[in-house]
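# Coordinates in review
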Amino acid sequence: MMNFSRLIKNCTIPSRWLLSNNIRYQSSSAAQNLIQVDINEKTGVSVVSLNRKPVNSLSLELFKDFCGVMDDLEREKVRGMVLKSSCDNVFSSGLDIGELYPHPSEERFEAFWLFFQESWLKLYGSSFPTVAFINGHAPAGGCVFAISCEYRLMLPHYKIGLNEAPVGIVATEWVMNSLRAVLPGKNAERLLTSGRLLDTQEAFNIGLIDQIVNNEEEAMARSEEFFATFDNVPKLARALTKQNYRKNDLNQLVKNRSSDAKQFLNHILRPETQKIIGSYFKSLKDRKKD
């Protein structure tokens with residue numbers, strides 16, 4: 001019997017929506033270095049790089065470390081954050097299939113899903129401005145990270161989108177809400193139900209990304225321009241305005257964390273879902289052999 005309330009009950013909610021920075025987690029080994037952080041002391045901007053090679057598949061350990069980094073940046077009161085990848089050609093491939101197949105243990109899944117929720121709450125509700133520099137393919141969970149940021153820059157010739165449906169997975173409501181905050185409802189629905197991945201130009205045309213950039217140097221310059229738009233706005237006023245604007249989405253997950261996790265796990269454990277995920281997993285392994 002799953003006991004998500006056991007994990008959640010120790011989390012308090014400061015600023016009305018975010019979970020406590022005191023949430024208990026064990027960081028992964030420093031040798032793994034799943035998240036790289038570089039804070040520019042001159043500009044106050046932090047560059048956070050996902051670093052789980054080869055494709056930044058999103059595991060429990062990566063989510064734990066990401067939550068810890070977000071807590072650190074809140075304490076440092078950074079001017080802004082740029083989220084990028086240190087992997088070649090991939091921003092993030094999405095959730096680690098090994099966390100979902102075959103038949104994940106309830107104990108491991110409890111922690112995995114809690115920290116996925118926590119990562120989204122901290123990123124979507126952060127007090128500081130956030131930019132996603134999408135420097136590689138960003139399907140599924142990679143797209144979730146991108147749309148949880150306030151501004152999106154993307155290199156040409158890559159793909160982005162929420163392709164859960166073709167893999168037999170149903171996107172959670174808070175993921176759908178993140179997409180609705182970026183795209184008009186009709187475009188968001190079509191993207192979710194088709195699971196189609198868009199190339200950079202298509203993503204720009206429908207408003208999924210804000211700018212196309214040609215290299216990292218240009219991305220950092222455009223990020224700086226974005227952060228500069230808030231230089232004359234008091235930090236507290238900006239942060240509370242952002243969080244008030246997003247409060248319905250944040251509150252919805254905070255109030256339903258346990259049921260959200262149970263619903264997703266029940267869906268994942270359905271034989272037909274496991275079969276589809278298994279076929280997809282096999283196709284990935286066969287592709288690697290080629």
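Residues numbered from 1 in each chain as written. Predicted model: local features only at pLDDT ≥ 70, side-chain atom pairs only at ≥ 80, totals over all residues. Heavy atoms only, no water.

## A short note on the overall build of the protein chain
When helices and strands are tallied, the protein chain shows twelve helices and eleven strands. Per-residue burial over the protein chain gives 52% buried out of 290 residues. Surface accessibility of the protein chain: about 13,900 Å² in total, with carbon and sulfur atoms responsible for 51%. (Helix = DSSP H or I, 4+ residues; strand = E, 2+ residues; numbered from the N terminus. Buried < 20%, exposed > 50% of the residue type's maximum accessible area, 1.4 Å probe, protein only. Areas by Shrake-Rupley, 256 points an atom, 1.4 Å probe, with all protein chains shown as cover.)

## Considering the sheet that holds strand E1 (residues 35–39)
With mixed pairing, six strands are arranged side by side in an open sheet as E1-E2-E4-E6-E8-E11. Edge positions in the sheet fall to E1 and strand E11 (211–212), since each has one partner strand and no second. In the sheet, strand E2 (residues 45–50) pairs with strand E4 (residues 80–85) via six bridges, with the strands oriented parallel. Looking at the pairing, serine 46 lines up with methionine 81 of E4. Packing against the sheet, helix H8 (residues 216–228) makes contact with E2, E4, strand E6 (130–134), strand E8 (151–154) and E11, and its axis sits at approximately 160° to E6. (Pairing = 2+ DSSP bridges. Contact = heavy atoms within 4.5 Å. Axes fitted to C-alpha atoms, helices over the stretch in contact; angles between N-to-C directions.)

## Concerning the environment of aspartate 231
In this fold, aspartate 231 is placed in the loop between H8 and helix H9 (235–245). Taking relative accessible area as the criterion, aspartate 231 reaches 44% and is therefore assigned partly exposed. Along the chain, aspartate 231 and arginine 79 lie 152 residues apart, while their C-alpha atoms are 8.9 Å from each other. Within polar-contact distance, the side chain of aspartate 231 engages the side chain of arginine 79 at 3.2 Å. (Polar contact = N/O pair within 3.5 Å; in protein donor to acceptor, adjacent residues only side chain to side chain.)

## Quick notes on the pairing of E8
Taking every second residue as pointing to the same face, both faces of E8 are buried, with Tyr151 and Leu153 on one and Arg152 and Met154 on the other. Taken together, the four bridges between E6 and E8 define a ladder with parallel strand orientation. Within E8, the position partnered with alanine 132 by the bridge is arginine 152. As defined by bridge partners, E8 adjoins E11 across two bridges and the pair is classed as parallel. From the neighbouring strand, leucine 153 faces E11, where its bridge partner is glutamine 211.

## Here we look at the packing of aromatic side chains
For the structure on display, the rule yields 17 aromatic pairs. An angle of 45° between the planes, with centres 5.7 Å apart, marks the rings of phenylalanine 63 and phenylalanine 112 as tilted. Taken as a pair, phenylalanine 63 in helix H2 (residues 60–76) and phenylalanine 112 in helix H3 (residues 106–124) lie far apart in primary sequence, 49 residues in all. Judged on exposure class, the residue phenylalanine 63 and its partner phenylalanine 112 are both buried. Here the aromatic cluster, defined as three or more aromatic residues joined through ring pairs, consists of Phe63, Phe66, Phe109, Phe112, Trp113, Phe116, Trp120, Tyr124, Phe145, Trp174 and Phe264. (Phe/Tyr/Trp six-rings, centres within 6.5 Å; stacked < 30°, edge-to-face > 60°.)

## A look at the packing of H3 against helix H5 (residues 173–180)
Interhelical geometry of H3 versus H5 gives an angle of 25° and a closest axis separation of 12 Å. Between H3 and H5, the angle is such that the two are roughly parallel. Relative to H5, the crossing made by H3 is left-handed. In contact with Trp113, Phe116, Gln117, Trp120 and Tyr124 of H3, H5 contributes Trp174, Asn177 and Ser178. Looking at side-chain class alone, the contact of H3 with H5 contains five nonpolar, three polar and no charged residues. (Parallel < 35°, antiparallel > 145°, perpendicular 65-115°, else oblique. Left-handed = near helix turned anticlockwise from the far one by under 90°. Nonpolar A, V, L, I, M, F, W, Y, C, P; charged D, E, K, R; others polar.)

## Details of the nonpolar core
By size, the foremost hydrophobic cluster in this structure holds 78 residues, and its most contacted members are Leu83 and Phe145. At ten residues, H3 tops the list of elements feeding residues into this core. With sequence-adjacent residues up to four places away left out, leucine 83 is seen in contact with Val48, Leu50, Phe66, Phe91, Leu123, Val131, Ala132, Phe133, Phe145 and Cys149. (Core = buried A, V, L, I, M, F, W, Y, C linked by side-chain atoms within 4.5 Å.)

## Observations regarding the sheet that holds strand E7 (residues 138–139)
As a general point, the strands of a sheet are linked pairwise by backbone hydrogen bonds and lie either parallel or antiparallel. Read from one edge to the other, the open sheet built from three strands follows the order E7-E9-E10, with strand pairing classed as mixed. Strands with a single pairing partner mark the edges of an open sheet, and in this sheet they are E7 and strand E10 (198–199).

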